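One-letter residues, chain by chain:
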Amino acid sequence: MKAGDAMLKRFKKNPSSNFPPFQSFPEDSPYQFLSGKILTQTELPLPVEELQLLEEQSLVMKLPSLTNTRSTWQCHRCGTDKPYFFARFPHAGCRKKCTYCRNCIMMGRVMECEPLYWFSPLAVWKKHHSPCQWEGELTNAQSNAAEHIVLAIEKREELLVWAVCGAGKTEMLFPGLTYALRQGMRVCLATPRTDVVRELFPRLTSSFPEVEIQALYGDSEEKSGSAQLLMATTHQLYRYSQAFDVMIIDEIDAFPFHNDDSLKWAAKRAAKDHASQIYLTATPRKKEKRRIRQKQLPTVFIPSRFHGYPLPVPTLKLVTTLRSRLSKGTLPKSILQRIFNQQTGKRQLLIFASTIQYAENIKGILSSRLLVSSVHAEDPARADKILAFRNRELDVLVTTTILERGVTFPSVDVFVIDAGHQVFDEAALVQIAGRAGRSHKDPDGEVIFFHSGKTNAMFEAQEAIHQMNIKAKNQ
Ligand SMILES: [Zn+2]
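Residues numbered from 1 in each chain as written. Predicted model: local features only at pLDDT ≥ 70, side-chain atom pairs only at ≥ 80, totals over all residues. Heavy atoms only, no water.

> Explanation requested: the coordination of the zinc ion in the structure shown.
Metal coordination angles in their ideal form are 109.5 degrees for the four-donor tetrahedron and 90 or 180 degrees for the six-donor octahedron. Every protein donor of the zinc ion is listed here as Cys75 (SG), Cys78 (SG), Cys101 (SG) and Cys104 (SG), and their distances to the metal cover 2.2 to 2.4 Å. Around the zinc ion sit four donor atoms, and with donor-metal-donor angles ranging over 102 to 114 degrees the site reads as tetrahedral. Between consecutive donors of the zinc ion, the numbers of intervening residues give the motif C-x2-C-x22-C-x2-C. Taken as a pair, Cys78 in the loop between strand 4 (72-75) and strand 5 (86-91) and Cys104 in the loop between strand 6 (96-101) and strand 7 (116-119) lie far apart in primary sequence, 26 residues in all. Summarising the burial analysis for this pair, Cys78 and Cys104 share the class buried. (Donors = N, O, S within 2.8 Å, 3.2 Å for Na, K, Ca; no water. Tetrahedral: all angles 85-135°; square planar, octahedral: opposite > 155°, others 65-115°. Helix = DSSP H or I, 4+ residues; strand = E, 2+ residues; numbered from the N terminus. Buried < 20%, exposed > 50% of the residue type's maximum accessible area, 1.4 Å probe, protein only.)

See the structure below:
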């Protein structure tokens, strides 16, 4: 068995249990941008000679991409060992059929015949004297959470920050980020959703103007991912190993992270041994709630919004003809009327639809009278449309659950059409309702769940929001 194989075998059980004898990148090294990365041959930005030189200096090491133990394949980029993710294809280079991994194929193909290159995670990062230029003030609840975050980073511990939608999670991170950057730590702020990265990136760069910050996601302009403070979608973590001193995962309960073991594996591996792990959520899943109850997961809880006003509680509206109308590509008159009436007010309207098709249909129905657009996950113009809505160039934005979280519009009402559909689980509905009343200038906002039969998810979401408001009041 090769040394790399043995290492990876132990790695699989515990990603941070075994650390190969790497050297640290010298402070002025032009290769430091590769620190902590795991890349395939095709992703390598270096000619072979330079790579060899780095290998001789113990700054990079080759690992097998896929290993096969007792007929079970494992991919060492994404960690999966589920048999259905492995397929074979006729590989011209090898003149035979080679196995590759389908689980992480969206990041480029990983093949058994090509190694992975792991670059030394040891590097010296800048110690920033006063990196944070944000001039706002934290509320008492935010300050309390911020103190817990600093402490978790200092002690390299795990912490869950459970903060309601609109609590101002990002700002709560600032003291922790400041502490880490002063210490010369490398920090990753990861999240399952591209829109969240896009939304947070400008806020972070304006608050930390002198710190090198990069945003990394599927179609980001920036591709190197070499910054000291990296923002990334969780998929990008497949390309890191032992790279970060602080790993913050925002929206930890969001799809696809919450139900994808391979992404969790990658997040764990991307963080260094004894890295601090901070998770942020407004709607923890059962698993986290159980760990909180069992006191296995240190948690700080923030039930109030930053502006101090309660969360808008959704109203449920039964429309018996809803599904039959939707299936015919139309909307019940009562809902149409409600939408047009709403438009006489000052707020914009965010409409959630259960499928792309319904979102497009609703857009079509409304477009004769309103400035309206629709977005979904695969929409190439998504970012532009969100920007147009934010700039108030649109009256209405119809969206799938892709905009359920992470995006902030200052003054919107929120309608969910067919809230009984299975895509709207409790977490999604709480998040969706949390889009309303985000600004201190307009802390209300109407939230209506239109449905053709009440579901548990609707009831539970309503109840959860109600409970949060009670806790915020008694704080
Ligand atoms: Zn894979």
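Continuing now.
> I'm lost on the packing of helix 5 (residues 194-207) against helix 11 (residues 382-390) in this one. Help?
Any two packed helices are characterised by the angle at which their axes cross and by the distance between the axes. With their axes 11 Å apart at the nearest point, helix 5 and helix 11 run at an angle of 50 degrees to one another. When the axis of helix 5 is compared with that of helix 11, the two are oblique. Helix-helix and strand crossings are classified by hand; for helix 5 and helix 11 the assignment is right-handed. Mapping the contact onto sequence places Thr194, Asp195, Arg198 and Glu199 in helix 5 and Arg382, Ala383, Ile386 and Arg390 in helix 11. Classifying every residue of the contact of helix 5 with helix 11 by side-chain character gives two nonpolar, one polar and five charged. (Axes fitted to C-alpha atoms, helices over the stretch in contact; angles between N-to-C directions. Parallel < 35°, antiparallel > 145°, perpendicular 65-115°, else oblique. Left-handed = near helix turned anticlockwise from the far one by under 90°. Contact = heavy atoms within 4.5 Å. Nonpolar A, V, L, I, M, F, W, Y, C, P; charged D, E, K, R; others polar.)

> What is the right way to read the pattern of salt bridges from this model?
Pairing is possible between side chains that carry opposite charge, provided their charged atoms lie close to one another. Inspection of every chain in the model, using the stated rule, returns 23 salt bridges. For the salt bridge of Arg239 with Glu43, the shortest nitrogen-to-oxygen distance reads 2.8 Å. Taken together, the positions of Arg239 in the loop between strand 11 (229-233) and strand 12 (244-250) and Glu43 in the loop between strand 1 (38-40) and helix 2 (48-56) put the pair 196 residues apart, joining distant regions of the chain. Exposure remark for Arg239: the relative accessible area of 18% places this residue in the buried category. A salt bridge links Asp425 to Arg285; the shortest N-O distance between them is 3.3 Å. Of this pair, Asp425 sits in the loop between strand 19 (412-417) and helix 12 (426-433) while Arg285 sits in the loop between strand 13 (271-281) and helix 7 (286-293), placing them 140 residues apart in sequence. For Asp425, a relative accessible area of 30% puts it in the partly exposed group. A single network of salt bridges, built from pairs that share partners, joins Lys169, Arg193, Asp250, Glu251, Asp253, Glu404 and Arg405. (Salt bridge = Lys/Arg side-chain N within 4 Å of Asp/Glu carboxyl O.)

> When you look at the sheet that holds strand 11 in this model, what are you seeing that I'm missing?
Strand order across the open sheet formed by seven strands is 10-11-9-12-13-8-14, with parallel pairing between neighbours. The sheet is open, and its two borders are formed by strand 10 (213-216) and strand 14 (299-302), each paired with just one other strand. Neighbour-to-neighbour, the strand axes of this sheet turn through a mean angle of 15 degrees, independent of strand direction. In terms of strand pairing, strand 8 (residues 158-163) meets strand 14 through four bridges, oriented parallel. In the sheet register, Ala163 faces strand 14, and the bridge partner there is Ile302. (Pairing = 2+ DSSP bridges.)

> What am I meant to see in the packing of helix 12 against helix 13 (residues 456-473) here?
Running from N to C, helix 12 and helix 13 cross one another at 50 degrees; their axes reach a closest spacing of 8 Å. One element, helix 12, and the other, helix 13, form an angle in the oblique class. Note on packing geometry: the crossing formed by helix 12 with helix 13 is right-handed. In contact with Glu426, Leu429, Val430 and Ala433 of helix 12, helix 13 contributes Ala457, Met458, Glu460, Ala461, Ala464 and Ile465. Grouping the amino acids of the contact of helix 12 with helix 13 by side-chain chemistry returns eight nonpolar, no polar and two charged.

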